[in-house]
Amino acid sequence: MESQKTFSFQIENSAIGVLFINDSIPVATGFVMGKPNWVITCAHVDVLAPGEKFFQAIGSKVKVRLKLLNVSYEGDIAIYEADTLISNKPLLMDTSFKFETKKTIVYLGFDQKLSTTVDTKILIRKSIIEAAGIIEVGKLKTRFIEFVGEGIPGYSGGPVFNTQGEVIAIFTQSFYRKGLKSISKEILVNRAFSIWPL
């Protein structure tokens, strides 16, 4: 498993990785935060890819079995727990980040196009927040941001960072939107939800 490191802050390899279904099929990104044996990812991964979940950190050859600890389908976030320690340096969270446009963010995700079941690649990207606000899903209200950039399916569940390397959101989905300057051209827009409630 490989990653790209092209930004000023360092990300602990053991705190980032790929979720596998039944120990063999890579499906999404996950990250260690909160506790050294907790893995955070999107709740829709649990729905769309049923089966036993495993986590493999960047640089590791070991897949760790996970069990679902807590889930919010409305907030699209799931917390899994491993029986063993995954990372001595879980990612830190910035709970004071202001969800505003024009701010620089960094995000990463498992790239399905460049990966195989044996060699998975996680890429790091930088973008600017294009839209920000509050979304209501069922009874839940949460902050969200939207930004332009690569976001193929494997990016789901990946962390979104501020420029100091602290987690501010979780990558939840991508969709195409018509560009303003060209009616025929579509732009890939990514959406990420806050990982703490309002």
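Rules used in this analysis
- Residues numbered from 1 in each chain as written.
- Predicted model: local features only at pLDDT ≥ 70, side-chain atom pairs only at ≥ 80, totals over all residues.
- Heavy atoms only, no water.
- Helix = DSSP H or I, 4+ residues; strand = E, 2+ residues; numbered from the N terminus.
- Buried < 20%, exposed > 50% of the residue type's maximum accessible area, 1.4 Å probe, protein only.
- Contact = heavy atoms within 4.5 Å.
- Areas by Shrake-Rupley, 256 points an atom, 1.4 Å probe, with all protein chains shown as cover.
- Core = buried A, V, L, I, M, F, W, Y, C linked by side-chain atoms within 4.5 Å.
- Salt bridge = Lys/Arg side-chain N within 4 Å of Asp/Glu carboxyl O.
- Pairing = 2+ DSSP bridges.
- Axes fitted to C-alpha atoms, helices over the stretch in contact; angles between N-to-C directions.

Q: Could you give me a rundown of the overall build of the protein chain, with the residues and numbers involved?
A: For the protein chain, the count of helices and strands is 1 helix and 13 strands. Scanning the protein chain from its N terminus toward the C terminus, one meets helices and strands in the order β-β-β-β-α-β-β-β-β-β-β-β-β-β. Residues classed as buried in the protein chain amount to 49% of the 198 residues present. Pairs at least 24 residues apart make up 62% of the contacts formed inside the protein chain by residues separated by at least 6 positions. Total accessible area on the protein chain is roughly 10000 Å²; 53% of this is exposed by carbon and sulfur atoms.

Q: Tell me about the nonpolar core, and please be specific about residues and values.
A: With 61 residues, the main nonpolar core has Ile16, Leu91, Val160 and Phe161 as its most contacted residues. With residues up to four places along the chain from it excluded, the contact list for Phe161 reads Phe9, Ile11, Ile16, Leu91, Ile105, Val106, Leu108, Glu166, Val167 and Ile168.

Q: I'd like a rundown of the pattern of salt bridges, residues and numbers included.
A: Going through the model one piece at a time under the given rule, you end up with 5 salt bridges. The salt bridge partner of Lys53 is Asp46, with a shortest N-O separation of 3.3 Å. Under the relative-accessibility criterion, Lys53 is labelled buried at 3%.

Q: Mind laying out the sheet that holds strand E2 (residues 16-21), listing which residues take part and the relevant values?
A: Read around the closed barrel, the 6 strands follow the order E2-E3-E4-E7-E6-E5; overall the barrel is antiparallel. Within this sheet the neighbouring strands show an average axis-to-axis angle of 45°, counted without direction. Summarising the sheet, E2 and strand E3 (residues 25-32) pair through 6 bridges and their orientation is antiparallel. Paired with Leu19 across the two strands is Ala28, which belongs to E3.

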